[in-house]
Amino acid sequence: MSISSTSSILIHKVNIASLAISSYLAQFGVNVLLIDEDTQLINEEEELIFDDYAISFLNTIGINITPKAKLVDIFKQAKEILLKNMCTINWGTTVVKNEGLENIKLRDLHNNIVYHQTDKFIDAKELEINKNTSITIKNIALLAWKLEGVLNGYISRSIFINHNIEERLLREHYQKKPPLKIFKNIFEKKDIRFNLKESKISLHLSQQRNIEAGDLLPNLSVFDERLKQETNFYNWCKFGEIHLIILGSISQQNLFNVAKWVKSNFPLRLFYLPDSEKNDHIFSFFKIIEGEKKLIVVRPDRYIGLILDHLDLEVLDNYLSNFLQLQTKGKPINQKLIGSNIIENYP
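Scope of this entry: the structure provided in the associated data block.

Each value, and the rule that gives it
- Residues numbered from 1 in each chain as written.
- Predicted model: local features only at pLDDT ≥ 70, side-chain atom pairs only at ≥ 80, totals over all residues.
- Heavy atoms only, no water.
- Buried < 20%, exposed > 50% of the residue type's maximum accessible area, 1.4 Å probe, protein only.
- Helix = DSSP H or I, 4+ residues; strand = E, 2+ residues; numbered from the N terminus.
- Contact = heavy atoms within 4.5 Å.
- Pairing = 2+ DSSP bridges.
- Axes fitted to C-alpha atoms, helices over the stretch in contact; angles between N-to-C directions.
- Salt bridge = Lys/Arg side-chain N within 4 Å of Asp/Glu carboxyl O.
- Phe/Tyr/Trp six-rings, centres within 6.5 Å; stacked < 30°, edge-to-face > 60°.
- Lys NZ or Arg CZ within 6 Å of the ring centre and 35° of its normal.
- Parallel < 35°, antiparallel > 145°, perpendicular 65-115°, else oblique.
- Left-handed = near helix turned anticlockwise from the far one by under 90°.
- Nonpolar A, V, L, I, M, F, W, Y, C, P; charged D, E, K, R; others polar.
- Arc of directions from axis to C-beta.

When helix α2 (residues 52-60) is considered as a whole, its buried residues turn out to be Tyr53, Ala54, Ile55, Phe57 and Leu58. The inward-facing, buried residues of α2 contact α1 (16-26) and α4 (133-151). One or two residues past the end of α2 sits Gly62, with phi positive at roughly 100°.

Written as structure tokens, this is what we have:
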């Protein structure tokens with residue numbers, strides 16, 4: 001297969017990281033070119049182990065796996081996704097010289113030289129962390145939505161600076177040595193799960209600290225007012241989408257005005273939970289008393305970006321425009337990113 005002269009992103013090396021991120025990007029219309037100097041998949045019978053987060057992420061992008069899966073099975077599914085979206089894998093292709101994105105020199109399987117132009121180059125080996133599949137997929141989940149937003153033109157490229165910080169936090173968290181036995185009881189009382197509280201795009205504006213911006217969204221059960229049935233936060237907050245959850249009752253007119261403003265300016269899916277007995281446990285969890293309100297922005301990787309104790313569109317606007325660096329105000333927004341309903345769960 002001949003090598004295309006252009007791409008939106010050129011990814012070097014076929015591994016679990018590149019298969020996951022290329023599958024994600026391809027489904028958002030990004031022109032992906034995946035290359036590898038080998039002529040076929042290496043270690044295809046390797047059995048990989050995945051945690052719940054990684055399984056959920058991969059399943060969402062169309063790669064269906066169990067806690068243990070072979071690399072070759074993942075490759076077959078990813079290949080189908082790429083082909084369906086007109087993206088290719090070129091085997092036996094090496095990077096001869098990388099002189100910048102507009103002049104990458106490649107050598108193909110037949111020793112032909114091709115000059116390639118792309119918007120982004122990634123060496124997939126650098127995306128792997130500690131040779132741990134689950135941690136690597138978490139890194140992909142943190143990066144993929146930023147890449148997609150930049151390459152599709154609605155997120156500023158400076159978001160990559162924030163990703164470098166988040167990747168460093170991820171690597172440092174899983175490189176920590178386990179505590180000495182003498183301190184075991186102290187550490188067991190603390191929540192030492194990975195979080196993004198130190199990320200520059202986590203903004204906590206709440207007096208409550210039982211859950212903070214930078215924490216992973218808990219998968220609480222929730223009563224859906226539109227469907228009139230029980231569901232959960234993870235069924236609402238899919239990977240690849242930004243979500244705004246409004247907790248606390250507001251007037252119908254105010255709700256409509258907020259929803260209209262949000263949907264007109266940002267690629268968000270909006271959920272509204274008024275005070276109700278069926279969702280009492282959610283208000284208790286977030287420590288919201290009667291009459292209070294809370295705004296929660298959930299990032300496309302299911303980590304909480306913003307927690308705000310009141311309904312303030314100016315603060316929300318500032319967060320979305322200057323923290324998440326969304327560049328969509330006054331521009332047409334892809335319907336796929338915002339959904340067809342002005343409020344997803346409310347009649």
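Below, the discussion takes up the sheet that holds strand β16 (residues 294-298). Pairing is mixed in the open sheet, where five strands are placed in the order β11-β17-β16-β14-β15. Of all strands in the sheet, those with a lone pairing partner are β11 (203-205) and β15 (268-273), marking the two edges. Geometrically, the sheet is characterised by an average inter-axis angle of 15° between neighbouring strands, direction not taken into account. Two elements, strand β14 (residues 242-247) and β15, share six bridges in a ladder whose sense is parallel. Of the residues in β15, the one forming a bridge with Leu244 is Leu270. Along the sheet, helix α8 (residues 252-265) contacts β14 and β15; its crossing angle with β15, the most-contacted strand, is approximately 165°. Docked against the sheet, helix α10 (residues 313-323) engages β11, β14, β15, β16 and β17 (304-308), running at close to 160° with respect to β17.

Turning next to the pattern of salt bridges. Opposite charge on two side chains allows them to pair when their charged atoms are near. Overall, the coordinates contain 17 salt bridges when judged by the stated rule. With its nearest N and O atoms 3.7 Å apart, the salt bridge here joins Asp215 to Lys197. One end of the pair, Asp215, is in the loop between β11 and β12 (221-224); the other, Lys197, is in the loop between α6 (184-188) and β11, and 18 residues separate them in sequence. Its relative accessible area of 11% is what places Asp215 among the buried residues.

A positive phi angle, close to 55°, is found at Asn43, a residue other than glycine. Within the secondary structure, Asn43 is located in the loop between β3 (32-36) and β4 (47-49). On the basis of relative accessible area, Asn43 is assigned to the exposed category, the value being 52%. The backbone of Lys287 sits at a positive phi, close to 55°, despite the residue not being glycine.

With that settled, consider the pairing of strand β9 (residues 113-118). Burial of β9 is one-sided: the residues Val114, His116 and Thr118 facing one way are buried, the residues Ile113, Tyr115 and Gln117 facing the other way are not. Inspection of the sheet shows strand β8 (residues 104-107) paired to β9 by four bridges, in the antiparallel sense. Within the sheet, the bridge partner assigned to Ile104 lies in β9 and is His116. Here β8 hands over to β9 after five residues, with Asn111 in that stretch at a positive phi of 70°.

Before going further, it helps to spend a moment on the environment of Ile9. Tracing the backbone through its elements, the reader meets Ile9 in strand β2 (residues 9-12). Look at Ile9 and you get buried, because its relative accessible area is 0%. Note: C-alpha distance between Ile9 and Asp119 (110 residues apart in sequence) is 5.7 Å.

Right, let's get into the packing of aromatic side chains. Pairs of aromatic rings are described using the distance from one ring centre to the other and the angle between the two planes. Evaluation of the coordinates by the stated rule reveals 13 aromatic pairs. Each ring, one from Phe285 and one from Phe286, has its centre 5.2 Å from the other, and the planes form 80°; the classification is edge-to-face. Aromatic rings pair up to connect Tyr24, Phe28, Tyr53, Phe57, Tyr174, Phe194, Phe239 and Tyr303 into one cluster. The side chain of Lys138 reaches across the aromatic face of Tyr53, ending 3.7 Å from its centre. Just above the ring of Tyr234 sits the side chain of Arg302; from NZ or CZ to the centre is 4.2 Å.

Turning our eyes to something else, we now look at the sheet that holds β3. The strand order across the open sheet built from four strands is β6-β3-β2-β10, with neighbouring strands paired in parallel fashion. In this open sheet, the two strands that pair with only one neighbour each are β6 (88-91) and β10 (121-123). Direction aside, neighbouring strands of the sheet carry axes that sit 20° apart on average. Strand direction decides the pairing type here: β2 and β3, joined by four bridges, are parallel.

Our focus in this paragraph is the packing of α1 against helix α3 (residues 71-84). α3 packs onto α1 with a crossing angle of 25° between their chain directions and a minimal axis gap of 9 Å. On the basis of the axis angle, α1 is roughly parallel to α3. Note that α1 runs across α3; the crossing there is left-handed. Facing Ile16, Leu19, Ser22, Ser23 and Ala26 of α1, the residues of α3 in contact are Leu71, Ile74, Phe75, Ala78, Ile81 and Leu82. When its residues are assigned to classes, the contact of α1 with α3 shows nine nonpolar, two polar and no charged.

A few words now on α10. When α10 is considered as a whole, its buried residues turn out to be Leu316, Asp317, Tyr319 and Leu320. Take α10 and look down its axis: the buried residues cluster within an arc of 165°, on one side only. Summarising the geometry of α10, the exposed residues directed more than 90 degrees from the buried face are Glu314 and Asn322. Looking at the buried positions of α10, the neighbouring elements they touch are β11, β14, α8, β15, β16 and β17.

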